[in-house]
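# Descriptive analysis of the structure
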2 protein chains.
Amino acid sequence: MGSEDKIISWLCRLTVITAFFFIGFIIGWFARPTTVNHGHASKSFLHDFLDEMQAENIKHHLRKFTRLPHLAGSQQNLDLAKQIRAEWMEFGLDSVELVPYDMLLSYPNKTNPNYISIVDHLGNEIFNTSLAEPVPEGYEDVTDIVPPYSAFSAKGQPEDELVYVNYGRTEDFFKLERELGINCSGKIVIARYGKIFRGNKVKNAMLAGAKGIVLFSDPADYCADGVEPYPDGWNLPGGGAQRGNVLNLNGAGDPLTPGYPAKEYTYRSSLEDAVGLPKIPVHPIGYHDAVHLLQHMGGPLPPDNWKGALNISYRIGPGFMDGLNQNKVRMNIHTNNQVTRIYNVIGWIRGAVEPDRYVILGGHRDAWVFGGIDPVSGAAVVHESVRAAGKLMKKGWRPRRTLIFASWDAEEFGLLGSTEWAEDHARVLQERAVAYINADSAIEGQTHTHTHSLHYDVFLKVSSPEDGEEGMTLYQSWHKRDNSTERDAPWISKLGSGSDFEAYFIRLGIASGRARYTKNRKTEHYSSYPVYHSVYETYEIVERFYDPSFRRLEAVARVRGGLIFSLADSPVLPLDCVEYAMSLTKYANSIYQLALKHPAAMEQYSVSFDSLFSAVENFTVAARDFHQRLDQLDTSNALAVRMVNDQLMYLERAFTDPLGLPGRPFYRHIIFAPSSHNKYAGESFPGIYDALFDIENAVDPQKAWDEVKRQISIAAFTVNTAAETLRPVVKTVKTSLNHILN
Amino acid sequence: MGSEDKIISWLCRLTVITAFFFIGFIIGWFARPTTVNHGHASKSFLHDFLDEMQAENIKHHLRKFTRLPHLAGSQQNLDLAKQIRAEWMEFGLDSVELVPYDMLLSYPNKTNPNYISIVDHLGNEIFNTSLAEPVPEGYEDVTDIVPPYSAFSAKGQPEDELVYVNYGRTEDFFKLERELGINCSGKIVIARYGKIFRGNKVKNAMLAGAKGIVLFSDPADYCADGVEPYPDGWNLPGGGAQRGNVLNLNGAGDPLTPGYPAKEYTYRSSLEDAVGLPKIPVHPIGYHDAVHLLQHMGGPLPPDNWKGALNISYRIGPGFMDGLNQNKVRMNIHTNNQVTRIYNVIGWIRGAVEPDRYVILGGHRDAWVFGGIDPVSGAAVVHESVRAAGKLMKKGWRPRRTLIFASWDAEEFGLLGSTEWAEDHARVLQERAVAYINADSAIEGQTHTHTHSLHYDVFLKVSSPEDGEEGMTLYQSWHKRDNSTERDAPWISKLGSGSDFEAYFIRLGIASGRARYTKNRKTEHYSSYPVYHSVYETYEIVERFYDPSFRRLEAVARVRGGLIFSLADSPVLPLDCVEYAMSLTKYANSIYQLALKHPAAMEQYSVSFDSLFSAVENFTVAARDFHQRLDQLDTSNALAVRMVNDQLMYLERAFTDPLGLPGRPFYRHIIFAPSSHNKYAGESFPGIYDALFDIENAVDPQKAWDEVKRQISIAAFTVNTAAETLRPVVKTVKTSLNHILN
């Protein structure tokens with residue numbers, strides 16, 4: 001099969017594969033059934049709005065926004081911000097502003113590059129990793145391409161033996177230390193990318209006592225079978241490497257100003273007190289370079305399932321002493337942290353009826369290099385939504401509620417732009433924000449796990465863009481490919497983190513959602529998409545491989561746009577608490593099953609989940625009753641409608657706790673948080689989950705199980721209190737308790 | 001002068017003295033000028049409501065509620081709760097419920113009483129303090145009078161020399177340790193009551209290393225000149241002693257369930273991990289007993305201003321070794337902590353137009369013994385307000401917003417009942433509560449400092465109850481006695497703590513207020529009122545001395561009642577942000593002046609208050625603009641009115657920070673907090689204040705001044721963000737920044 005055939009074959013497969021919807025958006029609950037009156041006038045405007053968004057325009061936006069690198073803090077990214085502001089004003093928004101913050105970013109030292117060496121016993125560097133990726137054709141003259149680096153790495157030149165730690169997951173280190181008896185303390189470790197957020201790998205390495213960590217892309221994780229490396233296919237070339245920040249911020253935003261916006265006057269902590277910075281050097285390499293390092297390792301052979309796809313023998317454990325070689329590895333890291341100004345672009349359309357209710361569509365603009373997929377496939381979609389909204393306004397439309405469009409900066413450095421804006425406006429957002437819809441990469445993003453909620457309506461209104469599915473709705477197309485769950489509806493997963501919804505959803509408790517095209521997780525095992533965060537994320541990779549007709553991006557634009565339209569324009573908010581109740585039931589059962597793995601301890605320490613199940617039942621009843629009352633709502637009574645909308649809006653808020661999760665004060669949502677072991681994944685009832693984690697090895701089991709009980713109590717209370725927000729706002733009957741007492 | 005003459009003379013003086021208003025209520029801002037349209041119908045109902053509250057009824061309620069002791073957790077107090085519930089239902093509330101919580105309380109051991117001994121060198125107890133107060137006439141047959149004790153004292157029988165520490169304030173210990181070179185470590189200390197909250201005395205003693213603390217009432221602090229002890233006058237008898245809790249909760253509520261309501265299913269920490277419990281024995285005594293202990297002390301003479309009024313030589317410092325005597329003091333404390341059920345009574349009147357907006361009138365019901373003043377002078381007033389509201393409802397009235405009446409339990413044990421209810425309903429309260437008006441003792445309460453805000457309107461509508469002031473309004477009467485401030489209005493002070501508004505105001509950011517009759521602080525120097533927390537707080541002390549005609553209580557009822565009426569019924573909330581701005585200016589100047597006491601350090605560490613002053617200016621402009629827009633408000637547009645009311649309601653919320661103050665996570669208000677050195681007192685900009693406190697003695701000045709800068713930054717941000725909540729809800733003009741950037 002020739003190269004062209006292969007492309008075509010992959011195009012076809014990809015068409016099928018990516019037609020699969022990866023919908024991971026939470027709006028805190030599911031679609032309202034169709035009983036809700038969306039208003040006839042608005043319905044026709046919705047149709048106009050969806051139709052207005054066109055593939056050709058999105059293609060044009062994508063092309064325009066990917067010509068130059070636009071790294072956060074760079075002049076190019078400020079120029080792009082100004083361009084977006086100018087175009088949004090032209091499209092017809094009521095106002096658009098650039099909102100600057102001064103935050104800690106991290107860049108390689110331009111005169112002293114980062115690399116990894118193999119050093120012989122005489123101290124000679126006998127091999128050095130490459131300083132940059134081969135630049136793709138057509139971009140040879142572009143300057144300011146930042147080489148692959150781990151943002152916020154510590155500086156340093158540690159030198160020692162190398163220990164291979166597989167993906168660097170918690171369980172990988174457990175296996176090394178507990179089963180294989182291999183100690184990483186004082187060593188340099190090397191982990192392959194994939195499975196979990198790279199910051200968690202670095203944290204685990206630090207916990208294990210490593211003095212440096214090298215991250216590499218193994219073809220097993222970054223190449224699909226039979227696909228060519230870019231530019232002939234969409235696989236990662238051997239010289240490509242994944243940039244990315246290696247922070248453990250836990251939602252803090254700018255590391256120097258946790259909890260407060262990084263304004264000019266804001267107090268900044270010292271670097272020593274900064275949140276989440278790794279204390280050890282970190283550096284990413286491609287698989288061409290990785291081969292050399294791995295070849296020079298000693299130690300025993302790894303478990304079979306740790307062996308990657310590189311054509312060498314992986315080994316684990318310190319190898320210096322086994323006599324195979326006496327070479328060491330040296331990291332040479334000179335990356336600088338520096339306070340840098342970044343710019344969000346914020347656009348407003350004032351609501352006609354309830355201007356003090358906000359619906360937000362936000363996605364980031366900054367990219368590691370060109371950002372062909374991440375983020376511009378998303379930013380182009382936002383741009384088209386803004387254009388379409390402006391067009392509608394010229395026809396006389398204005399949404400019932402206020403619409404806010406955001407082009408975030410410095411997402412790649414730890415969701416910084418979006419988090420600082422959330423911190424800056426936390427009070428008004430908590431009072432007024434109805435929902436936040438995220439707009440990162442629209443197609444083939446990272447392998448985030450999925451969330452439980454969905455507004456299905458909009459999927460019924462958008463056509464499938466796939467060949468051979470003419471006349472099918474997007475819902476049908478999606479359902480066809482994802483019908484594996486127990487319910488007759490496609491699967492929607494929990495929101496984790498790794499994109500800009502984090503501060504809005506996990507910290508502030510604003511109902512949030514995301515939607516995009518993804519791969520078939522059952523058959524495609526590579527992590528995120530192969531060229532993720534490399535120089536090969538170009539316009540061409542989308543145009544040649546991912547969405548040649550741009551109709552998938554058009555479909556995503558219509559879904560995201562349709563969601564904000566419906567949230568902003570429906571008299572009664574299109575949110576369903578009953579579905580939330582069903583999810584809570586599922587999560588409660590799931591965490592209970594996890595605890596049941598320790599039946600003896602459960603009994604010994606009198607651990608009961610009764611209060612949690614009782615709370616979930618209370619919530620379920622309250623949700624059902626709420627929707628029954630909603631059916632009798634007098635929609636002509638403006639204050640009555642406002643009252644139930646406030647109940648719907650504040651429900652998600654009720655799940656947050658100002659005290660936050662243990663050790664993670666900015667993760668305040670009690671039902672959902674990013675996993676402590678993988679920021680990308682969402683964990684339900686994270687407080688209980690973390691208390692149960694590895695509890696069989698707790699030093700003080702009494703204390704450990706007490707913490708489980710405390711977390712069950714907090715979860716039960718939180719669910720109960722959320723139920724209360726849905727009940728009638730005034731108690732009008734005496735509780736049965738009073739009768740007992742008399 | 002005969003005894004009767006003296007009483008009459010004191011009655012006269014008291015009339016004048018207490019005619020002085022002690023108004024310490026914050027509603028987050030001041031009275032709206034009269035431009036607000038309160039609605040004509042409501043105005044006439046307000047008049048009816050105020051008139052309906054009558055002195056004779058209040059007298060009747062007071063008599064009824066003070067016949068028996070009603071300590072928190074006792075059967076009597078549950079009986080009283082049921083009685084109140086039954087009467088509130090009868091008065092016509094829509095619903096009334098008892099709300100139970102199970103919290104840590106503390107009681108003396110009934111079979112093993114607490115006392116303090118003087119022990120000679122052979123170990124013989126040569127003097128023991130009394131086990132109970134002499135019971136007042138008419139109450140001889142009453143059982144269940146709890147003897148004077150310090151609730152939550154540690155158990156123990158420490159024995160050592162006694163060190164006199166004056167009031168036990170921070171500055172007293174500083175003087176002892178730094179100027180007089182006296183070390184309290186390992187000693188038992190004795191402090192006189194007064195000036196600060198007793199829990200702070202205990203905390204200071206623990207910090208100084210003391211192993212026990214005796215608290216006594218010195219006549220200098222608990223007797224007014226020329227007044228007879230009760231029952232011939234209102235002074236504290238020598239056998240009387242002040243009960244009270246000695247916790248340092250910092251707003252946590254139940255010590256075992258900080259942050260969460262103490263429900264049956266709630267996880268409870270161990271006693272070791274409980275919040276705020278003293279680690280040393282504490283016990284209160286009267287001045288008859290105190291004389292004996294003080295006579296047996298050795299050590300040097302105290303500073304002149306430490307000498308109390310007891311007819312003995314006070315001495316300070318360890319005296320055992322000076323040869324005067326070899327006696328020691330032994331504390332015998334057997335008080336038990338135990339989880340106990342308590343009951344709040346919560347009554348509701350559903351709002352007619354905005355049922356999801358709550359106005360709360362709350363005061364506690366539990367008393368140390370009879371509670372003649374504390375709390376029943378307040379509870380009787382609440383009862384009369386409920387009766388009057390019920391009467392109005394029978395005439396067809398229903399407030400625009402929902403009214404909630406609360407009879408709190410276990411206030412005396414650390415504001416526990418009110419705090420647990422606030423924790424239980426934090427989400428709905430933060431969404432829906434317009435204001436909280438506190439109703440503790442209505443007359444002659446403790447010497448709280450005062451707050452900056454006031455709804456003056458109601459004082460114009462209530463007549464002065466004083467003899468010789470016929471035809472005067474309460475406002476005029478008050479103004480006549482308190483016109484010492486720069487502005488032509490009576491003085492209103494900051495809210496501190498020590499009563500049930502704490503969780504509502506300081507934690508949840510709900511605009512709060514209090515109002516009561518007090519003494520003339522300039523001429524009357526005794527602490528709170530002399531019989532405070534003793535068995536002598538009877539019905540008779542009010543009826544004979546404090547308010548024989550019950551017209552003062554009537555006036556307080558009308559003020560508190562008028563406030564909730566106006567907050568619940570005015571179409572536009574009667575709150576004024578411009579006055580808040582003026583207060584912020586005052587507080588900013590004040591904290592700046594405090595910092596300026598360290599000019600060299602301010603320069604060395606580049607400490608600037610510019611950001612705070614700039615924020616206050618931003619707030620001032622936003623507040624002024626807000627009220628200007630309010631004048632143009634279309635009051636026929638229900639949603640427009642709701643929108644500005646939401647801005648007014650949420651303003652106070654905007655001053656809170658979920659991260660709380662350093663080390664005090666439940667004190668979340670950035671502008672006001674109880675002083676770290678005296679819970680009773682309110683401190684403005686408490687974060688900055690605490691950072692500056694004793695900074696000249698900081699071990700690490702750089703770090704200490706960094707914390708000052710951080711706190712200034714937080715305060716500036718908070719004031720800025722509060723300003724934002726008052727601005728138009730949608731930005732419609734580009735900021736000047738954008739022009740600069742282009």
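Model, not experiment: these values are computed from the prediction. (Residues numbered from 1 in each chain as written. Chains lettered and ligands numbered in written order. Predicted model: local features only at pLDDT ≥ 70, side-chain atom pairs only at ≥ 80, totals over all residues. Heavy atoms only, no water.)

Attention now goes to the domain arrangement of chain A. Residues and elements named next belong to chain A. What the domain assignment reports for chain A is domain 1 (47–102 + 339–569), domain 2 (114–333) and domain 3 (577–726). Put simply, the middle of domain 1 and the middle of domain 3, counted by C-alpha atoms, are 28 Å apart. With 33 residues of domain 1 at the interface, the matching set in domain 3 holds 28 residues. Counting each side, the surface lost to burial between domain 1 and domain 3 is near 2500 Å², with a carbon and sulfur contribution of 50%. In this structure, the connection of domain 1 to domain 3 is made through three salt bridges. For Arg357, the salt bridge is made with Asp646, and the minimal N-O distance between the two is 2.9 Å. For the pair domain 1 and domain 3, the number of links is twelve residue pairs in polar contact (both at pLDDT 80 or more). For the side of domain 1 that touches domain 3, the secondary-structure elements that each account for two or more residues are strand 14 (354–364), helix 11 (426–432), strand 16 (433–438) and helix 14 (502–507). (Domains from an automatic or database assignment. Contact = heavy atoms within 4.5 Å. Buried area = accessible area lost by both parts, 1.4 Å probe. Salt bridge = Lys/Arg side-chain N within 4 Å of Asp/Glu carboxyl O. Polar contact = N/O pair within 3.5 Å; in protein donor to acceptor, adjacent residues only side chain to side chain. Helix = DSSP H or I, 4+ residues; strand = E, 2+ residues; numbered from the N terminus.)

Here we come to helix 5 (residues 170–179) of chain A. Residues and elements named next belong to chain A. The complete set of buried residues in helix 5 reads Thr170, Asp172, Phe173 and Leu176. For helix 5, the angular spread of the buried residues around the axis is 165°, confining them to a single face. Where helix 5 is buried, its residues contact strand 7 (162–164) and helix 6 (198–207). Directly beyond the C-terminal end of helix 5, a positive phi value near 65° is found at Gly181. (Buried < 20%, exposed > 50% of the residue type's maximum accessible area, 1.4 Å probe, protein only. Arc of directions from axis to C-beta.)

Packed helices, taken two at a time, are described by the angle their axes make and the gap between the axes. Residue and element names in this part refer to chain B. One way to put it is that helix 3 (residues 55–65) packs onto helix 15 (residues 539–546) with a least axis distance of 9 Å and a crossing angle of 145°. Here helix 3 contributes Lys59, Leu62 and Arg63 to the contact with helix 15, which in turn contributes Tyr539, Glu540, Val542 and Glu543. Of the residues in the contact of helix 3 with helix 15, the class split is three nonpolar, no polar and four charged. (Axes fitted to C-alpha atoms, helices over the stretch in contact; angles between N-to-C directions. Nonpolar A, V, L, I, M, F, W, Y, C, P; charged D, E, K, R; others polar.)

Below, the discussion takes up the relation of the copies chain A and chain B. With an RMSD of 0.0 Å, the fit of chain A onto chain B corresponds to turning through 180° and sliding 0.0 Å along the axis. Seen this way, the second copy is the image of the first under a two-fold rotation axis. In terms of C-alpha distance to the rotation axis, chain A has Pro658(A) as its closest residue, with the C-alpha 2.6 Å off the axis. A share of 100% of the interface residues of chain A reappears at the interface of chain B, consistent with the copies meeting face to face through the same patch. (Least-squares fit on C-alpha atoms with pLDDT ≥ 70 in both.)

A common way to state how big an interface is: give the accessible area lost once the parts meet. Contacts between the two partners involve 70 residues from chain A and, on the opposite side, 70 residues from chain B. Taken over both partners, the interface formed by chain A and chain B buries close to 6500 Å², and the fraction arising from carbon and sulfur atoms is 60%. Scanning the region where chain A abuts chain B turns up four salt bridges. Connecting chain A to chain B are 21 residue pairs in polar contact (both at pLDDT 80 or more). Taken together, the residues of the side of chain A that touches chain B sort by class into 30 nonpolar, 17 polar and 23 charged.

With that settled, consider the pairing of strand 14 (residues 354–364) of chain B. Residue and element names in this part refer to chain B. When you tally the buried positions in strand 14, you get eleven out of eleven residues, the bulk of the element. Note that strand 14 and strand 15 (residues 401–408) share eight bridges and pair parallel. Following the sheet pairing, Glu354 is matched in strand 15 by Arg401. Taken together, the five bridges between strand 14 and strand 16 (residues 433–438) define a ladder with parallel strand orientation. Counted as the bridge partner of Gly362 is Asn438 from strand 16. (Pairing = 2+ DSSP bridges.)

As a further point, take the sheet that holds strand 12 (residues 328–332) of chain A. Residue and element names in this part refer to chain A. Spatial ordering of the open sheet is given by 4-3-12-6, a layout of four strands whose pairing is antiparallel. The open sheet terminates on both sides in strands that have one partner only, identified here as strand 4 (125–128) and strand 6 (159–160). Inspection of the sheet shows strand 6 paired to strand 12 by two bridges, in the antiparallel sense. Across the sheet, Glu159 pairs through a bridge with Arg330, a residue of strand 12.

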